[in-house]
Amino acid sequence: MPETAAVLEATAGALPAGALAGSASAGSAATAKPAGGDVSRLTVAESKRSGAFSSKIYSVYLRALGRVSVSAYLLLLCVTYASYLWSDLWLVRWIRDDAICGSSLGSPPAVPDCGGLSSSANAGIYSALALGHVIVLITTSIFLTAISVRASGSMHRDTIKRVLYAPMGWYDATPSGRVLSRFTSDLNNVDVRLRMDMYNVLQMIFMVGTLVGYIAAASWVLCLAAIGIFFLFCVSTVVADRAVREVRRIANNAVSPVMSTISEFKAGAALMRAMELTPFFAARQSAFIGEWSHISYMARALQSWSSHVGGMLAFLLGSTTALYIVGNRALFTEELGGLALTYATVVPYFLNIVSEMFVQMRTSVAALERLLDYLDLPQEPEHERPDDPPIGQWPTAGRIEFLDLCMRYRPGLPLALQDLSATVEAGAKVGIVGRTGAGKSTLVLALFRLVEPASGTVLIDGRETSSLGLHTLRRAMTIIPQDPVLHDGTVAHNLWPFGNISDDELRSALVRARLPADMLHAHVAKG
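Cut-offs applied
- Residues numbered from 1 in each chain as written.
- Predicted model: local features only at pLDDT ≥ 70, side-chain atom pairs only at ≥ 80, totals over all residues.
- Heavy atoms only, no water.
- Buried < 20%, exposed > 50% of the residue type's maximum accessible area, 1.4 Å probe, protein only.
- Helix = DSSP H or I, 4+ residues; strand = E, 2+ residues; numbered from the N terminus.
- Pairing = 2+ DSSP bridges.
- Axes fitted to C-alpha atoms, helices over the stretch in contact; angles between N-to-C directions.
- Parallel < 35°, antiparallel > 145°, perpendicular 65-115°, else oblique.
- Left-handed = near helix turned anticlockwise from the far one by under 90°.
- Nonpolar A, V, L, I, M, F, W, Y, C, P; charged D, E, K, R; others polar.
- Contact = heavy atoms within 4.5 Å.
- Phe/Tyr/Trp six-rings, centres within 6.5 Å; stacked < 30°, edge-to-face > 60°.
- Core = buried A, V, L, I, M, F, W, Y, C linked by side-chain atoms within 4.5 Å.

Draft legend 1. Broad picture of the pairing of strand 1 (residues 400-407). Burial of strand 1 is extensive: six of the eight residues sit out of reach of the surface. Both strand 1 and strand 3 (residues 455-460) contribute to a ladder of five bridges, which runs antiparallel. Looking across to strand 3, one finds that Cys406 is bridged to Ser455.

Structure below.
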């Protein structure tokens, strides 16, 4: 690969005098407020949604789970609780057969030709139904775990790809703690909490549906009672959900300042101690954590209120059913009435769990909403274009031309480079000299298109860099950063992580840098 001027070494006078004068004046006005917008904030305030969750969130999550997989899971749930009800109904038949035939385990029926099965046969069938229910229940749990892990992995890959391909302006305006909170607490909620909450809610809904369905089928009076109480239950759940949803959104946003302060601690610990600012940062972090704890406590209190209201309504349904069955026991057989009464005593427990788990699941959806916000991040231009030159055919010499180049870091900010025109001949070693803010580093950013020019053109060997895919452009140049970074891995991986250069070429590079060639496969730690 020919030498290009991408590596700018310190040699004064290569550019015309005053070539960067415009950018120098622009750089000194970086704190001004241009007509294009308010730049009083270095970072963009974190957005907070309000109102109901968008249907797009559920659509994306269902698509990640797989519509066929979700249908199969719901079918498994139907089979699971159909087998549960079937086993209980068979237990009722077993009791009735024993009463009619006078049989018991290990002995034949006392009444021959009674029309019922022996107690041993009923026990075997009931055991098989119960075992089948357990097997299907475990299968359902494993199946949901598998598809939810796959969905979390898919959404993680999609969001991290959008973050990696976001333009530099987005990184400049977004604190690192805000990104970390998405990929730590929010992603953990999606990976673990959302799956568990969804599993609990669906299991309990099918369980309560089975119990209440049997109770309602026993009498039209109980059916009307179940409908009325279910309506009140839905109203209380919706009220609690709206309150908890908004509070949880505020709590999720409150995590970002905590993570940002931790990043500041790590990066500037020595400076904080030297300037004796440790108490200040400790107090600020304590205030951030206190705010997050206060909001999280409020969210939990609202969830508890919803749980108590749901428990009261469930108790009302259970007590109504029990009193009606006992008061009208002549309308029911002993076996079926006893089963309905048993279900009535456990409905309050399961309905209370449904109320609590539903609100908890919706708070986990708030974390999913924050994570999926990154699917809408702005993206760099395409990395490959159909008319890109093949590898090795461009650049051939390394001549660079800047023609009336203007560049700003993001909309609303003043120009960091203004009307720059200069030529760097092929093979030349060029130095850019200027005071802080003159645009020296900005020139390199424009060359690699880390920031897109506002106007003007950059040519390399006569080809406009804006007409090339970013991968094609950046692959053709090399830059040595001011702050070197080592990644965890071998020296060879740090030299060229793409794997398309032979070890001999890499050893030759080490020798030219006056380093031993045998360290190529030595392991180094990141940092």
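Draft legend 2. Fine view of the packing of helix 6 (residues 176-218) against helix 9 (residues 334-372). Contact geometry for helix 6 and helix 9: axes closest at 6 Å, N-to-C directions at 155°. If you check the angle between helix 6 and helix 9, you find them roughly antiparallel. Every pair of crossing elements has a handedness; the one defined by helix 6 and helix 9 is left-handed. For the contact of helix 6 with helix 9, the residue count by class is 32 nonpolar, five polar and five charged.

Draft legend 3. Local environment of the sheet that holds strand 3. Read from one edge of the open sheet, four strands run 2-1-3-4, paired in antiparallel fashion. Either end of the sheet is taken by a strand with one partner, and the two such strands are strand 2 (417-424) and strand 4 (463-464). Relative to strand 1, helix 10 (residues 440-448) is tilted by about 110°, and along the sheet it contacts strand 1, strand 2 and strand 3.

Draft legend 4. Fine view of the packing of aromatic side chains. For the structure shown, the criterion picks out six aromatic pairs. Relative to Tyr171, the ring of Trp170 lies with its centre 5.1 Å away and its plane at 80°, an arrangement referred to as edge-to-face. Its relative accessible area of 34% is what places Tyr171 among the partly exposed residues. Between Phe183 and Tyr374 the ring centres are 6.1 Å apart and the planes differ by 45°, which places this aromatic pair in the tilted class. Taken together, the residues Phe183 in helix 6 and Tyr374 in the loop between helix 9 and strand 1 connect sequence positions 191 residues apart. Neither Phe183 nor Tyr374 differs from the other in exposure class; each is buried. Among the aromatic residues, those joined into a cluster by ring pairs are Trp170, Tyr171, Phe183 and Tyr374.

Draft legend 5. View of the side chain of Asp197. Examined against the element boundaries, Asp197 turns out to sit in helix 6. For Asp197, the residues in contact, after removing those within four places along its chain, are Met357, Gln360, Met361 and Ser364.

Draft legend 6. Focus on the pairing of strand 3. Where strand 3 meets strand 4, two bridges bridge the pair, whose relative direction is antiparallel. Residue pairing in the sheet places Leu459 in a bridge with Glu464 of strand 4.

Draft legend 7. Molecular detail of the environment of Ala226. Mapped onto the fold, Ala226 is located in helix 7 (residues 220-274). Since its relative accessible area comes to 11%, Ala226 is described here as buried. Separated by 11 residues in sequence, Ala226 and Ile215 place their C-alpha atoms 8.4 Å apart. Once residues lying within four places of it in the same chain are set aside, the contact partners of Ala226 are Val212 and Leu317.

Draft legend 8. Expanded view of the nonpolar core. Judged by nonpolar contacts, the single largest core of 60 residues is most densely connected at Tyr61 and Leu368. When residues of this core are traced back to their parent elements, those giving at least two are helix 2 (55-65), helix 3 (67-101), helix 4 (119-164), helix 6, helix 7, helix 8 (278-327) and helix 9. Looking at this core, the element that brings in the most residues is helix 9, giving 15 residues. Apart from residues no more than four positions distant in its own chain, Tyr61 is found in contact with Ser148, Ala151, Met155, Leu194, Met198 and Leu368.

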